[in-house]
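# Chains, contacts and geometry: an overview
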Amino acid sequence: MSNATDTPVLRARGSRKEYGKGDGMVRAVDDVDLDIAAGETVAIMGPSGCGKSTLLYLLGGLDRPTSGEVELDGRCVDDIGEKALARMRRTDVSYIFQSFHLMEELTAAENVELSALPAGHSPRAARRRAEQLLEQVRPAGRTGFLPSALSGDQRQRVAVARALSNEPSVVLADEPTGNLDGAATLDVPQLFETLHEPGQTLVIVTHDSRIAATADRLISMRDGAFVDETSLTGGTTGRLGTFAELED
Ligand code: ADP
Ligand code: MG
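Summarised in this report is the structure supplied together with it. (Residues numbered from 1 in each chain as written. Chains lettered and ligands numbered in written order. Predicted model: local features only at pLDDT ≥ 70, side-chain atom pairs only at ≥ 80, totals over all residues. Heavy atoms only, no water.)

Time to look at the sheet that holds strand S4 (residues 67–72). If you walk across this open sheet you meet the four strands as S2-S1-S4-S5, and the pairing is antiparallel. What marks the edges here is a single partner per strand, and that holds for strand S2 (26–37) and strand S5 (75–76). Packing against the sheet, helix H1 (residues 52–59) makes contact with strand S1 (8–19), S2 and S4, and its axis sits at approximately 55° to S2. (Pairing = 2+ DSSP bridges. Helix = DSSP H or I, 4+ residues; strand = E, 2+ residues; numbered from the N terminus. Contact = heavy atoms within 4.5 Å. Axes fitted to C-alpha atoms, helices over the stretch in contact; angles between N-to-C directions.)

See below:
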């Protein structure tokens, strides 16, 4: 059962991204049209260099399209100013990167707490939220450790907890299992399945067919464009408490 509603939380129209100029120009994303409903989980697959990461940057407002439009939660990311875009990136969108991007000088718990704070909740609620998420992702009692003391699998679990800590409407994951070894990759789709809340949208770039199989929809990309879209029967259930429940 999908939690998807009719509201498109992400929308792209004729979105194009070109790098460089003249003979050296690369069209990384080539006139993409996309509607993703709130609550949908979408997997994007395709060969290296086909534009998957660039598309995620456009969708999350980390980069602006060369032409065409991108809307997040009904707002056009191309029009709004840098300040509003930065706020949107903090509160509406979260990223999970292949290389984790944890803050190395903060403990696992602090990494998760810190990203829960800008959502405008009390430090106490942020801490409880972080504890709850870390318990769910099970970094095996190592929440007081610095990232350098954690395995790749544990770091990515912390990165997943961090991405969900501010209750973003959209989570963009760029090959989240790309840096993990074979045994570890099994856990990440299950984490998404367990942790993400109804109405939360996931876009996952992956080479892992096990992750893709958990999505509602699978998009195949080649040379910057969509070459195939398949609807899958996927489903997600949210089991975490919301901030509304944690705040007291
Ligand atoms: P994928 O994530 O599917 O591997 P990317 O979105 O990273 O693909 O890259 C798509 C294309 O754009 C590739 O040809 C890549 O070399 C090029 N590209 C990506 N980022 C840049 C950049 N900052 N400057 C120039 N070319 C880039
Ligand atoms: Mg990439």
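Attention shifts here to the packing of helix H3 (residues 108–116) against helix H4 (residues 123–137). Between H3 and H4, the shortest axis-to-axis distance is 8 Å and the interhelical angle comes to 130°. Comparing their axes, H4 and H3 come out oblique. Considering only the axes of H3 and H4, their crossing is right-handed. Contact residues: H3 offers Ala108, Ala109, Val112, Glu113 and Ala116, while H4 offers Ala126, Arg127, Ala130, Leu133 and Leu134. Within the contact of H3 with H4, the residues separate by chemical class into eight nonpolar, no polar and two charged. (Parallel < 35°, antiparallel > 145°, perpendicular 65-115°, else oblique. Left-handed = near helix turned anticlockwise from the far one by under 90°. Nonpolar A, V, L, I, M, F, W, Y, C, P; charged D, E, K, R; others polar.)

One open sheet holds the six strands; their spatial order is S6-S7-S8-S3-S9-S10, and the pairing between them is mixed. Single-partner strands in this sheet number two, and they are strand S6 (93–97) and strand S10 (225–231). Between one strand axis and the next, the sheet turns through 15° on average, direction left out of account. By the bridge criterion, four bridges tie strand S3 (residues 41–45) to strand S9 (residues 217–222) in an arrangement that is parallel. In the sheet register, Val42 faces S9, and the bridge partner there is Arg217. Sheet strands touched by helix H5 (residues 152–165): S6 and strand S7 (170–174). Its angle to S6, the strand with the most contacts, is close to 170°.

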